[in-house]
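These are the residues of each chain, in order.
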Amino acid sequence: MDNIYVFDIDGTLADNSHREHLVPSGDNRHNTQAWEQFNKACVGDTPRQCLLNLARTLMTANKDVRFLTGRGQSANVETLTWLSDALDLSSTLIPLFMRPMGDYSYAWEFKGGVLTRWLNENPGKTIIAFEDDPKIIAGLKYLEPRVTFLQCESLCSAVKVTP
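What you see is a predicted model; the values in this text were computed from it and never measured. (Residues numbered from 1 in each chain as written. Predicted model: local features only at pLDDT ≥ 70, side-chain atom pairs only at ≥ 80, totals over all residues. Heavy atoms only, no water.)

K.L.:
Can you lay out the pattern of salt bridges for me, pointing to particular residues and giving the numbers?
P.N.:
In this structure the tally under the stated criterion is twelve salt bridges. Between K111 and D8 there is a salt bridge, with its nearest N and O atoms 2.7 Å apart. Note that K111 is positioned in helix 4 (residues 107-121) and D8 in the loop between strand 1 (3-7) and strand 2 (14-15), a separation of 103 residues in sequence. The class for K111 is buried, based on a relative accessible area of 3%. (Salt bridge = Lys/Arg side-chain N within 4 Å of Asp/Glu carboxyl O. Helix = DSSP H or I, 4+ residues; strand = E, 2+ residues; numbered from the N terminus. Buried < 20%, exposed > 50% of the residue type's maximum accessible area, 1.4 Å probe, protein only.)

Encoded structure:
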């Protein structure tokens, strides 16, 4: 049985601690437009080489690798630029899935919907998901055993400041 390998970006592939001062607060935390400045500043993120090396190795072996982020679509260009540079795979199509603008759901709800769709579209596959946010993993336990979560230490400013 083949796997689908899913990588989160913020905190998993990227250390975005330099953006902590841009994390929206209060009621703005659930407004995708309030995150635009934070998300677009991703070009300065520090790559986490060990997980990027794993993603690159899987991609060059023609495995089904996808990148799933709670970032809004408004940061699509910046995110693709960062991923392309960090993966050093400029000629490779990067399968990036981002939150649509106007989607005010929690990150675990957004990601859960995408993962469920992929499971339904690929009934014979399982998903190996690399994720840093314990709230997202806890919210998606219902997808087990077809989704296995591998949690890494979070280097995401938004996760660190969440109450």
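Let us keep going from here.
K.L.:
Could you give an account of the sheet that holds strand 6 (residues 126-131), naming the residues involved and the relevant values?
P.N.:
In spatial order, the strands read 5-4-1-6-7; together these five strands make up an open sheet with parallel pairing. Looking along the sheet, the strands with just one partner apiece sit at the ends: strand 5 (96-99) and strand 7 (147-151). Ignoring strand direction, the axes of neighbouring strands in this sheet form an average angle of 25°. Pairing of strand 1 with strand 4 (residues 64-72), which is carried by four bridges, proceeds in the parallel orientation. Each bridged residue has a counterpart across the sheet, and for V6 the counterpart in strand 4 is R66. (Pairing = 2+ DSSP bridges. Axes fitted to C-alpha atoms, helices over the stretch in contact; angles between N-to-C directions.)

K.L.:
Before we move on, can you summarise the nonpolar core with the specific residues and values?
P.N.:
One finds F7, L13, F67, W82, L83 and L87 to be the most contacted residues of the largest nonpolar core, which totals 24 residues. Elements that contribute at least two residues to this core include exactly strand 1, helix 2 (49-60), strand 4, helix 3 (76-87), strand 5 and strand 6. Here the element with the most residues in this core is helix 2; it accounts for five residues. Leave out the neighbours within four places in its chain, and L83 touches I9, L13, F67, I94 and L96. The next biggest cluster of nonpolar side chains, apart from the first, holds 16 residues, and it includes V6, L115, L119 and I136. (Core = buried A, V, L, I, M, F, W, Y, C linked by side-chain atoms within 4.5 Å. Contact = heavy atoms within 4.5 Å.)

K.L.:
Now, about unusual backbone geometry: what can you tell me, with residues and values included?
P.N.:
Backbone torsion omega between E144 and P145 reads 10°, so that peptide bond is classified as cis. Located in the positive-phi region is N62, a residue other than glycine, with phi close to 60°. Along the chain, the position of N62 falls in the loop between helix 2 and strand 4.

K.L.:
Run through the packing of helix 2 against helix 3, naming residues and quoting values.
P.N.:
Put simply, helix 2 and helix 3 touch, their axes get as near as 10 Å, and they point 85° apart. As far as their axial angle goes, helix 3 and helix 2 are roughly perpendicular. Seen from helix 2, the contacting residues are L52, A55, R56 and M59; seen from helix 3, they are W82, A86 and L87. Looking at the contact of helix 2 with helix 3, its residues break down into six nonpolar, no polar and one charged. (Parallel < 35°, antiparallel > 145°, perpendicular 65-115°, else oblique. Nonpolar A, V, L, I, M, F, W, Y, C, P; charged D, E, K, R; others polar.)

K.L.:
Let's hear about the state of the cysteines: which residues, and what values?
P.N.:
Across all of its chains, the model carries zero disulfides by this definition. With no disulfide of its own, C156 lies closest to C152 among cysteine sulfurs, the gap being 10 Å. Note on C156: relative accessible area 5%, which makes it buried. (Disulfide = S-S within 2.5 Å.)

K.L.:
Requested: an account of the side chain of D15, with residues and values cited.
P.N.:
Following the sequence through the fold, D15 ends up in strand 2. In this structure D15 comes out as buried when scored by relative accessible area, which is 17%. There is a polar contact of 2.8 Å between the side chain of D15 and the side chain of S17. (Polar contact = N/O pair within 3.5 Å; in protein donor to acceptor, adjacent residues only side chain to side chain.)

K.L.:
I'd like a description of the pairing of strand 6, backed by residues and values.
P.N.:
Among the six residues in strand 6, six count as buried, and that is most of the element. Burial of the side chains of strand 6 extends over both faces: T126, I128 and F130 are buried on one face and I127, A129 and E131 on the other. Bridge count between strand 1 and strand 6: five bridges; the pairing is parallel. Within the sheet, the bridge partner assigned to N3 lies in strand 6 and is T126. Note that strand 6 and strand 7 share five bridges and pair parallel. Counted as the bridge partner of F130 is L150 from strand 7. Tracing the backbone out of strand 6, into helix 5 (residues 134-139) and back to the parallel element strand 7 gives a crossover that is right-handed. (Right-handed = clockwise from strand over helix to strand, strands pointing away.)

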